[in-house]
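Coordinates in review
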Amino acid sequence: QVQLVESGGGLVQAGGSLTLSCAASGRFLSINTMGWSRQAPGNQRELVATITSGGSTNYADSVKGRFTISRDNAKNAVYLQMNSLKPEDTAVYYCYADILRSYFTPWDDYWGQGTQVTVSS
């Protein structure tokens, strides 16, 4: 069974910083793209940032220049460094990973349970 566990959320003042971490565990062969999404109350889930196994990154326009995604392939982990946080960044943040569990199963997306980030004004 594959699990993604996030950590690092919390309450921070506007202009502050937080770093989210997410690690994949369980039995699998390989991880391709990893990323972070977020969902604020009443809003649809928004893709925040992605990073491929080779290190190529993409960001939502709303976070470009403020957030940085990185990963440690040896630890099966992905991180999101969030700087210059704004109240509109308040949301539940979910990590995900595109994982190949075995040679007999297709690539599939797995999601973490979510971690709350609250930015006060």
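Residues numbered from 1 in each chain as written. Predicted model: local features only at pLDDT ≥ 70, side-chain atom pairs only at ≥ 80, totals over all residues. Heavy atoms only, no water.

**Remarks on the state of the cysteines**
One pass over the full model with this rule turns up 1 disulfide. Sulfur-sulfur distance for the disulfide between Cys22 and Cys95 comes to 1.9 Å. Residue Cys22 is found in strand S3 (residues 18-25), and its partner Cys95 is found in strand S9 (residues 91-100); the two are separated by 73 residues along the sequence. Each member of the pair, Cys22 as well as Cys95, carries the same accessibility label: buried. (Disulfide = S-S within 2.5 Å. Helix = DSSP H or I, 4+ residues; strand = E, 2+ residues; numbered from the N terminus. Buried < 20%, exposed > 50% of the residue type's maximum accessible area, 1.4 Å probe, protein only.)

**Observations regarding the sheet that holds S3**
The strand order S1-S3-S8-S7 describes an open sheet built from 4 strands, whose pairing is antiparallel. The open sheet has two edge strands with one neighbour each: strand S1 (3-7) and strand S7 (67-72). Across the sheet, the axes of successive neighbouring strands diverge by a mean angle of 15 degrees, strand direction being ignored. As defined by bridge partners, S7 adjoins strand S8 (residues 77-82) across 6 bridges and the pair is classed as antiparallel. Counterpart to Phe67 in the pairing with S8 is Met82. (Pairing = 2+ DSSP bridges. Axes fitted to C-alpha atoms, helices over the stretch in contact; angles between N-to-C directions.)

**Comments concerning the nonpolar core**
With 31 residues, the main nonpolar core has Leu4, Trp36, Leu80, Met82, Tyr93 and Ile99 as its most contacted residues. Where this core is concerned, the elements lending two or more residues are S3, strand S4 (30-39), strand S5 (46-51), S7, S8, S9 and strand S11 (115-120). By residue number, the principal contributor to this core is S9, which donates 5 residues. (Core = buried A, V, L, I, M, F, W, Y, C linked by side-chain atoms within 4.5 Å.)

**Let's talk about the packing of aromatic side chains**
Using the criterion set out here, one finds 1 aromatic pair in the structure. If you follow Arg45 out to its NZ or CZ, it ends over the ring of Tyr94, 3.8 Å from the centre. Positioned above the aromatic ring of Trp111, the side-chain terminus of Arg45 is 4.8 Å from the ring centre. (Phe/Tyr/Trp six-rings, centres within 6.5 Å; stacked < 30°, edge-to-face > 60°. Lys NZ or Arg CZ within 6 Å of the ring centre and 35° of its normal.)

**As for the pattern of salt bridges**
Under the criterion given, the structure shown has 4 salt bridges. Arg38 is paired through a salt bridge with Asp89; the nearest N and O atoms lie 2.9 Å apart. Here the residue Arg38 occupies a position in strand S4, and Asp89 occupies one in the loop between S8 and S9, the gap between them amounting to 51 residues. Residue classification places Asp89 among the buried positions, given a relative accessible area of 1%. Residues Lys64 and Asp61 are paired through a salt bridge, measuring 3.2 Å at the closest nitrogen-oxygen approach. Classification of Asp61 by relative accessible area gives exposed; the value is 67%. Three or more residues are tied together by salt bridges with common partners; here these are Arg38, Glu46, Arg66 and Asp89. (Salt bridge = Lys/Arg side-chain N within 4 Å of Asp/Glu carboxyl O.)

The quantities given are spatial measurements derived from coordinates; they are silent on function.
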